[in-house]
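Listed below, chain by chain, are the residues.
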Amino acid sequence: MYAPSIQRLISELGKLPGIGARTAQRLAFHILRASSEDATALAESITEVKLRIRLCEVCFNLADEPRCRICTDERRDAGLICVVEEAGDVIPVERTHEYRGRYHVLGGALSPIDGVDPEHLKIAELYRRVDDRSQPIREVVLATNPTTTGEATALHIADVLRERAPEVIVTRLASGLPVGGDLEYADEVTLGKALLGRQRW
Ligand SMILES: [Zn+2]
């Protein structure tokens, strides 16, 4: 129906989440109508992000330097670590403005049925951070999603930390978050309350 180059653009856009065939078409025509500068800026931003973005060597958040902005920010409390499943979960926690600590991004949640075991996540790296006496950790906030796999992951980590570092306080976000949902979709007021009301676990 379309020239092959337009068809290619539509089919690439259609691979994005939440973009159906019609939206892909609309976006493709929008790009066609845009100035060359705008279209090139879009294409270059995609290329650049894939070239530059890597995982922070400390917390595994997204970074364009060896360490992310939060790990290099001296004003952030280094004795407090918030453990989340995905880098995308850092954003909603930041939006609450209730958290001034650092993060640890696991890269997923435990799900033995799907073949996701502790060694597939950045869990050993979390224990190493807790063990590092040069940077003492007071509290680990388990902010995995309120889903079955998120709960299982929090339980697993809490058990290990209690054995390994009994002096570290382990907390879990207070209830109130929609069960079965993702942190990503929680509104900032609810998530802020869950953070402030976090309980020793
Ligand atoms: Zn970091």
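Just so we're clear, the structure is a prediction, and the values are computed from it rather than from any experiment.

Considering the pairing of strand β6 (residues 169–172)
In the case of a regular strand, side chains alternate between the two sheet surfaces.
Then step 1. Of the pairings in the sheet, the one linking strand β5 (residues 139–142) to β6 comprises four bridges and is parallel in character. Paired with V140 across the bridge in β6 is V170.
Then step 2. The handedness of the β5 to β6 crossover, carried by helix α6 (residues 148–164), is right-handed.
Then step 3. One ladder, built from two bridges, connects β6 with strand β7 (residues 199–200); its direction is antiparallel. The residue of β7 that forms the bridge with R172 is Q199.

Here's the deal with the pattern of salt bridges
Then step 1. Under the criterion given, the structure shown has 12 salt bridges.
Then step 2. For E48, the salt bridge goes to R52, with nearest N and O atoms at 3.9 Å. Taken together, the residues E48 and R52, both in helix α3 (residues 36–52) and four residues apart, mark about one turn of the helix.
Then step 3. Using a relative accessible area of 45% as the deciding quantity, one classes E48 as partly exposed.
Then step 4. Residue E151 pairs with R172 through a salt bridge whose shortest N-O separation is 2.9 Å. Of this pair, E151 sits in helix α6 while R172 sits in strand β6, and the two are 21 residues apart along the sequence.
Then step 5. Judged by relative accessible area, which is 7%, R172 ranks as buried.

Examining a nonpolar patch on the surface
Then step 1. A surface patch of nonpolar side chains, about 330 Å² in accessible area, is lined by V49, I53, L55 and L62.
Then step 2. Examined against the element boundaries, L55 turns out to sit in strand β1 (residues 54–55).

Parameters and conventions
- Residues numbered from 1 in each chain as written.
- Predicted model: local features only at pLDDT ≥ 70, side-chain atom pairs only at ≥ 80, totals over all residues.
- Heavy atoms only, no water.
- Pairing = 2+ DSSP bridges.
- Helix = DSSP H or I, 4+ residues; strand = E, 2+ residues; numbered from the N terminus.
- Right-handed = clockwise from strand over helix to strand, strands pointing away.
- Salt bridge = Lys/Arg side-chain N within 4 Å of Asp/Glu carboxyl O.
- Buried < 20%, exposed > 50% of the residue type's maximum accessible area, 1.4 Å probe, protein only.
- Patch = residues over 30% accessible without salt bridge, like charges linked within 9 Å, V, L, I, M, F, W, Y side chains within 5 Å.
- Areas by Shrake-Rupley, 256 points an atom, 1.4 Å probe, with all protein chains shown as cover.

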